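Read off the chains here:
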There are 2 protein chains.
Amino acid sequence: MHSSTQRSGRGRRPAAEVRAAAVDAAGRLLFAEGIRAITFERIAKEAGVSKTTLYKWWPSPGALAAEAYFARSQPLLEFPDTGDLHADLVTQVTSFAELIAEGGSVIPQLIGSAQTDPDLAEAWTRTYALPRRDLARERLLKAQRAGQLGADADIDIVIDQIWGAFYHRLLVLRTPIRDLDIERLVTAAIRGAG
Amino acid sequence: MHSSTQRSGRGRRPAAEVRAAAVDAAGRLLFAEGIRAITFERIAKEAGVSKTTLYKWWPSPGALAAEAYFARSQPLLEFPDTGDLHADLVTQVTSFAELIAEGGSVIPQLIGSAQTDPDLAEAWTRTYALPRRDLARERLLKAQRAGQLGADADIDIVIDQIWGAFYHRLLVLRTPIRDLDIERLVTAAIRGAG
């Protein structure tokens, strides 16, 4: 009898490959059908992984969804570094806005569910929110060292002011994010940093 | 037979009074026990209101919770007007930070649930988020007319940058909001507005 984590004739798939297949399947389902589609039952079937294996790696389907969102967004959200901080932030934030628009209700659902699901919250902050903040910090610190942001600028406040503006409209005001003028937002955040 | 909306010997309570009693009971429960305590069963008992009446006024307990949150926060979140925009914003935002801290998980729960509960989302934006944004707009427009903000400042971006910063930490990063330096946040937002 073959378990679903084996391919007949080729032996057991390496764990990393199986894990990646599960994350990939979850990412596809998440963007196509929303967070409710992410069940271990469904991912097991789509990725050819046993449910037992999924339970071993993720405490809940929400935790897998958070990781899948990070994996899918990662290549889209790179920080360019042309040396022009304003232009680079506009480029990155424009990609971020497109990802949110493409995701539809996926991101509100993920963050919304995180407020009452501790496993999802832990996975969301560990695999998405804090790593993304760290990437933004890195790019902004580099700009600060290059003299493009004031020496006493509060980098974390700049981050809150740029990305927080989107989340404010998306989650709190629930007004269309396409109305947010990215050029002006970035200009205000950089100027405000001093 | 007396219905629970009547007081014996004193006739039927005016609808506005009954409604206020329900909102008040919901506010108390919300801050004491969290959003899960807000059921029509419980509010009916606490406020001496029939469940039928509650269903007539609110499509769901979540909608009542959102209105109760606004009612409870309203007196705490007034915008002072001393003529000094920076000082007034620091005062208001400090009250807002205290309200969030006092509420514990109430605000994340409300906003989180709004992402998957359309009735709650509608009540949240209509009775809390958009009215609060309008009050902030009013105060900032007044400052702009007084020359304390640049003539071409984008008022909505200033709002996103101040209050969005809190929601970013509260909901997305899930880091303590007490770490956010309100003085610096307000300074950056005003300076950034130009």
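Predicted model only: the values in this text are computed from it and were never measured. (Residues numbered from 1 in each chain as written. Chains lettered and ligands numbered in written order. Predicted model: local features only at pLDDT ≥ 70, side-chain atom pairs only at ≥ 80, totals over all residues. Heavy atoms only, no water.)

A separate point is the relation of the copies chain A and chain B. Relative to chain B, chain A is turned by 180 degrees and slid 0.0 Å along the rotation axis, the superposed coordinates differing by an RMSD of 0.0 Å. Here the two chains are linked by the operation of a two-fold rotation axis. A share of 100% of the interface residues of chain A reappears at the interface of chain B, consistent with the copies meeting face to face through the same patch. (Least-squares fit on C-alpha atoms with pLDDT ≥ 70 in both. Contact = heavy atoms within 4.5 Å.)

Moving on, we come to the interface of chain A and chain B. In this complex, chain A contributes 44 residues to the contact, which on the side of chain B involves 44 residues. The largest share of the area that chain A buries against chain B comes from Q115, D160 and V172 of chain A, three residues that together contribute 18% of it. Run the count over chain A and chain B and you get four salt bridges. The partner of R184 of chain A in a salt bridge is D154 of chain B, and the shortest N-O contact between them spans 4.0 Å. Here chain A and chain B share 14 residue pairs in polar contact (both at pLDDT 80 or more) between them. (Buried area = accessible area lost by both parts, 1.4 Å probe. Salt bridge = Lys/Arg side-chain N within 4 Å of Asp/Glu carboxyl O. Polar contact = N/O pair within 3.5 Å; in protein donor to acceptor, adjacent residues only side chain to side chain.)

Glancing now at the domain arrangement of chain A. All names here are of chain A. Parsing chain A into structural domains produces domain 1 (6–67) and domain 2 (69–193). For domain 1 versus domain 2, the distance between C-alpha centres works out to 27 Å. Counting from both sides, the interface comprises 14 residues of domain 1 and, opposite them, 17 residues of domain 2. With both chains or domains summed, domain 1 and domain 2 bury close to 1300 Å², and 69% of this area falls on carbon and sulfur atoms. Three residues stand out in domain 1 for area buried against domain 2, namely F31, I35 and A66, and they jointly supply 49% of the buried area on that side. Inspection of the domain 1/domain 2 interface yields zero salt bridges. At the surface where domain 1 touches domain 2, the tally comes to seven residue pairs in polar contact (both at pLDDT 80 or more). For the side of domain 1 that touches domain 2, the elements supplying multiple residues, two or more each, are α1 (15–33) and α4 (61–73). Split by residue class, the side of domain 1 that touches domain 2 holds eight nonpolar, four polar and two charged. (Domains from an automatic or database assignment. Helix = DSSP H or I, 4+ residues; strand = E, 2+ residues; numbered from the N terminus. Nonpolar A, V, L, I, M, F, W, Y, C, P; charged D, E, K, R; others polar.)

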